[in-house]
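# Coordinate inspection notes
Given next are the chains, with one letter for each unit.
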Amino acid sequence: MAYDSEATDATGQRRYRGEGFREESDLRSDGGAHSVVAGMQYRPRATPAANLDDVFDDPAHGEVGRDRLGVHFAWEGVLLLGVVTVGFLLNNSHRDTITGANFKELLVFASVLGLLGLGASTTLRAGAVNLALGPVAAAAALYYAEHGSAGVVPTAGMAVAFAAGLGLVVAVLVVGFHVPGWAGSLAAALVAIVWIQKHPAPLTVSGEYDPTGQALYLYGGFAALTIVAGLLGAIRSIRRGVGRFRPVTDPAQRRGGLGGVVAVLALIGSMALAAVAGVVMAALNGATEQVVAPTEGFELTGLALGAALIGGVSAYGRRGGVFGTLLGVTLLALVVWYADAAQWHISLYALAAGALALGLVVTRLVETFGRPLPLDEEAPDDWSDVGVPGTSWSTGSGDTWSNLPAQPAPARADQWGDEDRWSSLR
């Protein structure tokens with residue numbers, strides 16, 4: 001607050017001036033002019049710069065506060081209960097399917113589904129879902145069946161290289177032109193299907209690699225990857241960065257360089273994971289003396305996305321739990337195994353459709369209860385904005401000192417300037 005050295009009021013006193021204040025004359029009933037301060041107005045507290053770390057997208061568009069992970073942990077508890085229940089039913093009704101060599105095959109199958117589920121979870125969190133996971137895995141399985149005699153490592157390396165190249169093309173299309181990931185990846189899926197259709201007859205696996213010997217390591221590796229990814233995704237800054245590509249206003253608006261880089265890495269990485277899953281799947285068929293039948297692979301895409309969504313990863317992107325993908329994949333693998341043991345003859349497409357439907361319900365759950373808590377409206381407010389023109393003392397009312405009606409001063413029975421009053425004191 002400072003005063004104006006050149007302005008004085010009617011009494012000859014200096015008038016104070018400050019930023020956001022203005023001088024107005026208040027005409028009283030006695031005709032005297034008095035200087036009053038007007039424009040002292042108040043605006044609700046803004047987010048301090050120190051709290052910008054709590055904004056998950058950016059200061060202009062994001063919500064303040066970290067996501068509530070309690071809903072994810074609660075749902076993961078339900079998934080764990082489901083895994084225990086289906087496992088108990090298998091143990092009681094079809095114990096032979098989860099013992100010995102069959103148990104190892106179950107672990108390998110869960111690992112294949114897990115790699116695809118991890119790829120789906122990664123791209124979902126990044127806001128650029130990949131629909132080409134299944135077709136790429138099916139194409140990689142055919143490639144290994146045809147060239148597996150050269151060795152599992154060289155053949156798998158070539159399959160991963162081709163898949164990563166396709167993922168790079170999709171990433172350039174999706175990120176470069178900022179279009180939805182499902183559209184760009186669907187084009188890649190159709191390209192993979194064109195290559196699959198060049199193999200009309202089933203193929204006998206030429207490779208000799210038997211993944212059942214490393215079944216526990218394969219499943220453990222997938223579990224470790226998804227848990228580490230979930231723990232990292234629970235960190236506020238990483239969670240915000242991974243989900244940067246997720247739109248918050250206009251979906252066609254670019255979300256910045258960080259979002260683009262994360263989406264590129266997610267798309268390429270998911271394609272590589274799909275290729276590895278396809279090679280392991282073909283090797284499992286070879287170990288069990290089965291052929292690799294050409295298939296479009298969309299049932300694998302449905303199962304992978306269904307497992308990720310059931311695990312609590314949001315279909316809108318960014319949000320997800322810690323153990324959800326692991327539990328969702330395990331539960332879905334057990335259901336498939338139980339349906340096959342019970343000879344229900346349920347199509348994988350039907351199971352995938354059911355998983356997707358349930359997953360979308362879970363998405364609504366985590367989006368409703370997982371968003372940050374609203375700011376406390378009763379918290380003490382910041383007085384730093386006092387004096388800013390155009391703001392008010394209350395968030396709901398528009399009353400300010402400047403627009404209050406002038407109130408006439410009450411008439412006095414006696415005046416201080418009355419000489420008779422002073423004469424009585426003599």
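Up top you'll find the structure we're talking about.
To start, this report covers the structure provided alongside it. The structure presented is a predicted model; accordingly, all values stated were derived computationally and were not measured.

To continue, consider the packing of helix 4 (residues 152-176) against helix 8 (residues 257-287). Remark: helix 4 packs on helix 8, axes separated minimally by 8 Å, with the N-to-C direction vectors making an angle of 150°. Looking at the two axes, helix 4 sits roughly antiparallel to helix 8. For the pair helix 4 and helix 8, the crossing hand works out as right-handed. Here the residues of the contact of helix 4 with helix 8 sort into 21 nonpolar, two polar and no charged.

What follows is about the layout of surface pockets. By volume, the largest pocket amounts to about 950 Å³. Phe109, Asn285, Gln290, Trp337 and Leu348 are, among the 33 residues lining the largest pocket, the residues nearest its centre. Mapped by element, the contributors of at least two residues to the lining of the largest pocket are helix 2 (100-126), helix 3 (133-147), helix 8, helix 9 (298-310), helix 10 (324-341) and helix 11 (348-369). Here the lining of the largest pocket gets six residues from one element, more than from any other, and that element is helix 2. Every residue lining the second largest pocket is counted, 24 residues in all, and those nearest its centre are Leu118, Thr122, Arg125, Ala229 and Val242. Among the secondary structure elements, those contributing two or more residues to the lining of the second largest pocket are helix 2, helix 6 (215-233), helix 7 (236-242), helix 8 and helix 10. In terms of residue count, the dominant contributor to the lining of the second largest pocket is helix 8 (six residues). Residues belonging to the lining of the second largest pocket are distributed by class as follows: 12 nonpolar, 11 polar and one charged.

So, on to the packing of aromatic side chains. With the rule as written, the count across this model stands at four aromatic pairs. Taking the centre distance of 6.0 Å and the plane angle of 85° together, the rings of Tyr143 and Phe162 count as edge-to-face. On the criterion of sequence distance, the pair formed by Tyr143 in helix 3 and Phe162 in helix 4 is long-range, its members being 19 residues apart. Residue classification places Tyr143 among the buried positions, given a relative accessible area of 16%. Relative accessible area serves as the criterion here: at 52%, Phe162 is assigned to the exposed category. Measuring from centroid to centroid gives 6.0 Å for Tyr219 and Phe222, while their planes differ by 65°, and the two rings are edge-to-face.

Conventions adopted
- Residues numbered from 1 in each chain as written.
- Predicted model: local features only at pLDDT ≥ 70, side-chain atom pairs only at ≥ 80, totals over all residues.
- Heavy atoms only, no water.
- Axes fitted to C-alpha atoms, helices over the stretch in contact; angles between N-to-C directions.
- Helix = DSSP H or I, 4+ residues; strand = E, 2+ residues; numbered from the N terminus.
- Parallel < 35°, antiparallel > 145°, perpendicular 65-115°, else oblique.
- Left-handed = near helix turned anticlockwise from the far one by under 90°.
- Nonpolar A, V, L, I, M, F, W, Y, C, P; charged D, E, K, R; others polar.
- 1 Å grid on protein atoms, 1.4 Å probe; cavity = no way out; pocket = protein on both sides within 12 Å on 5 of 7 lines; lining within 4 Å.
- Points joined across faces, edges and corners; volume = space filled by probe spheres on them.
- Phe/Tyr/Trp six-rings, centres within 6.5 Å; stacked < 30°, edge-to-face > 60°.
- Buried < 20%, exposed > 50% of the residue type's maximum accessible area, 1.4 Å probe, protein only.

Read these as layout, nothing more, since geometry by itself doesn't imply function.
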